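Listed here are the chains, written in short residue letters.
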Amino acid sequence: MKWSIGAARLASEEGRLQAWIEEYLKVPEWANPGLLRRVRKFSVEWPAPELVVLDRFDLIAGPGPDFRFPKDSAVWECEVAAIVARGISVESLPPLIGWVKEDGRLNLADGNHRVAAALRVGIKELWTLVHPVPLSEN
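In this convention, every chain numbers its residues from 1, walking through the sequence in written order. With pLDDT at 70 or above as the cut-off, local features in this predicted model cover only qualifying residues; side-chain atom pairs require 80 or more to be listed or tallied, and sums for whole chains, interfaces and linings still use all residues. To get the side-chain values, take all heavy atoms of the structure and skip hydrogens and water.

1. Quick notes on the packing of helix H4 (residues 73–85) against helix H5 (residues 112–120)
Axes, fitted as lines to C-alpha atoms, cover a helix only where it is in contact. Angles between the N-to-C directions of the axes lie from 0 to 180 degrees. Only DSSP runs of H or I covering at least 4 residues are called helices, and only runs of E covering at least 2 are called strands; the numbering of each starts at the N terminus. The interhelical angle for the contact between H4 and H5, taken along N-to-C directions, is 65 degrees, at an axis separation of 9 Å. The chirality of how H4 crosses H5 is right-handed. Across the interface between the two elements, Trp-76, Glu-77, Glu-79, Val-80, Ala-81, Ile-83 and Val-84 from H4 touch Asn-112, His-113, Arg-114, Ala-116, Ala-117 and Arg-120 from H5. Each residue is assigned to one class: nonpolar for Ala, Val, Leu, Ile, Met, Phe, Trp, Tyr, Cys and Pro, charged for Asp, Glu, Lys and Arg, and polar for all the others, Gly among them. Looking at the contact of H4 with H5 residue by residue, the classes come out as seven nonpolar, two polar and four charged. Should the near helix be turned counterclockwise from the far one by less than a right angle, the crossing is left-handed, whereas a clockwise turn marks it as right-handed. Note on definitions: a residue-residue contact is assigned when non-hydrogen atoms from the two residues lie within 4.5 Å.

Spelled out as structure tokens, the structure:
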């Protein structure tokens, strides 16, 4: 699959991970134009994908007002349920995208729905692309 971890690993091995990420962030199913702009702004050589325990992440999107990108609970549930319904595994999902914060936790820039879906089916870790510098707007 073009957006699986296997494809990301291959792009990493071939030295074209930045281009793969930019293309991935434009795909309608996973589109994230805000992050795409930041990834382009902070273009660097990405480290290889790593398997990360999900409780290390601080989610930025989710149901309710406490998130940077709040979602309506019903909409969030529908979107997470759709990912679960497709059948998910650690190897089939696109890698998450994040960066390490000063406190050692990870800011999850892309993949909040996938984390929720993975946790729902008992998956405790997912492949992640950890950007070497914060992809913040500021």
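2. Some details on the nonpolar core
Counting residues in hydrophobic clusters, the biggest one holds 22 residues, and the most contacted among them are Leu-17, Trp-20, Ile-21, Leu-25, Trp-46 and Ile-97. For this core, the elements supplying multiple residues, two or more each, are helix H1 (5–13), helix H2 (17–24), helix H3 (33–41), strand E5 (96–100) and strand E7 (125–131). When sequence neighbours within four positions are dropped, the list of residues in contact with Trp-46 reads Leu-17, Gln-18, Ile-21, Val-39, Ile-97, Leu-129, Val-130, His-131 and Leu-135. Nine residue types can take part in a nonpolar core, namely buried Ala, Val, Leu, Ile, Met, Phe, Trp, Tyr and Cys, and a core is a set of them joined through side-chain atoms within 4.5 Å. Buried, partly exposed and exposed residues are distinguished by accessible area as a fraction of the type maximum, computed with a 1.4 Å probe on protein chains only: under 20%, between the cut-offs, and over 50%, respectively. Core analysis: the second largest hydrophobic core is formed by 19 residues, Phe-57, Leu-96, Leu-108 and Val-115 among them.

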